[in-house]
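For reference, the chains in residue letters:
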Amino acid sequence: MLHRTASLAAAYSPGGADPHPFALPGEQSANPQVVGTVGFLGEANGLIYLYFDAAFARGCTGHLLGMSDTEVEEAGDEVVNDAIGEVTNMTVGSFKNGLSDQGYPCKLTIPSILRGRNFCVEPISDSQRFIYVFETEGQRLVADILLKCGE
């Protein structure tokens with residue numbers, strides 16, 4: 001959808017809260033971030049957060065919507081929020097389809113957007129957490145997956 005190639009830079013499963021999942025373990029990110037999140041409910045439950053550096057989120061928005069950097073800047077945060085929400089929704093939709101194919105049917109929640117720096121996500125104790133860090137065109141994209149199967 002964004003016509004970008006991403007390579008996996010790191011994958012890990014922290015035992016609890018990861019204070020800064022956008023950064024690799026031991027790092028901190030001072031840059032503003034745009035985080036898209038979509039949940040899934042059913043035989044498997046969870047949330048997926050996609051972390052974008054704010055500048056990268058604007059670039060992805062421009063590419064997705066065929067807008068120049070200036071047009072994205074003039075359109076404002078709402079357009080970026082919508083675009084990142086849609087990217088997150090499509091990404092989590094693919095993940096959900098994979099879960100359904102494995103016998104865990106579920107439905108998606110509506111996308112939400114968070115903005116800020118150095119988010120701390122603290123999962124509930126009986127969920128599994130997986131963090132995947134991707135590099136694309138010199139930018140970092142992080143997928144933070146919280147998963148709980150069966151109940």
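Procedures and definitions
Residues numbered from 1 in each chain as written. Predicted model: local features only at pLDDT ≥ 70, side-chain atom pairs only at ≥ 80, totals over all residues. Heavy atoms only, no water. Buried < 20%, exposed > 50% of the residue type's maximum accessible area, 1.4 Å probe, protein only. Helix = DSSP H or I, 4+ residues; strand = E, 2+ residues; numbered from the N terminus. Pairing = 2+ DSSP bridges. Salt bridge = Lys/Arg side-chain N within 4 Å of Asp/Glu carboxyl O. Core = buried A, V, L, I, M, F, W, Y, C linked by side-chain atoms within 4.5 Å. Contact = heavy atoms within 4.5 Å. Lys, Arg positive; Asp, Glu negative; His and termini not counted. Polar contact = N/O pair within 3.5 Å; in protein donor to acceptor, adjacent residues only side chain to side chain.

1. A few points about the pairing of strand β3 (residues 44–53)
No. 1: For β3, the tally of buried residues reaches eight of ten residues, placing the bulk of the element in the interior.
No. 2: The sheet contact formed by strand β2 (residues 33–42) and β3 spans eight bridges and is antiparallel. For glycine 36, the partnering residue across the bridge sits in β3 and is leucine 50.
No. 3: Hairpin connection, β2 to β3: the antiparallel pair is bridged by one residue.

2. Here we look at the pairing of strand β6 (residues 128–136)
No. 1: Looking at chain direction, strand β1 (residues 7–12) and β6 are connected through five bridges and run antiparallel. When the sheet's bridge partners are listed, alanine 11 is paired in β6 with tyrosine 132.
No. 2: Examined bridge by bridge, β6 and strand β7 (residues 139–149) share nine bridges and lie antiparallel to one another. Within the sheet, the bridge partner assigned to isoleucine 131 lies in β7 and is aspartate 144.
No. 3: Here β6 folds back onto β7 in antiparallel fashion, the turn holding two residues, of which glutamate 137 has a positive phi close to 50°.

3. Quick look at the pattern of salt bridges
No. 1: Per the counting criterion, the structure on display carries four salt bridges.
No. 2: Across the pair arginine 58 and glutamate 73 runs a salt bridge, and its minimum N-O distance is 3.7 Å. Taken together, the residues arginine 58 in helix α1 (residues 54–65) and glutamate 73 in helix α2 (residues 69–75) connect sequence positions 15 residues apart.
No. 3: What makes arginine 58 partly exposed here is its relative accessible area of 33%.
No. 4: Taking the relative accessible area as the measure of exposure, glutamate 73 reaches 54% and is therefore exposed.
No. 5: The residue glutamate 135 makes a salt bridge to arginine 140 at a minimum N-O spacing of 3.5 Å.
No. 6: Glutamate 135 gets classed as partly exposed once you look at its relative accessible area, which sits at 28%.

4. Remarks on the nonpolar core
One broad rule of soluble globular proteins: the nonpolar side chains tend to lie buried together.
No. 1: Membership of the largest hydrophobic core comes to 22 residues, with the highest contact counts inside it found for Phe40, Ile48, Leu50, Phe52, Ala57 and Ile84.
No. 2: Looking at this core, the elements that each hand over two or more residues are β2, β3, α1, α3 (77–101) and β7.
No. 3: Counting residues per element, this core draws most heavily on α3, which supplies five residues.
No. 4: If near-sequence neighbours (up to four positions away) are discounted, alanine 57 is found in contact with Val34, Phe52, Val80 and Ile84.
No. 5: Core analysis: the second largest hydrophobic core is formed by eleven residues, Tyr12, Tyr51, Phe119 and Val142 among them.

5. Some details on the side chain of aspartate 53
No. 1: Tracing the chain through its elements places aspartate 53 in strand β3.
No. 2: As a buried residue without a salt bridge, aspartate 53 has its nearest oppositely charged side chain in arginine 58, at a separation of 6.2 Å.
No. 3: One polar contact links the side chain of aspartate 53 to the main-chain amide nitrogen of alanine 55, over a distance of 3.0 Å.

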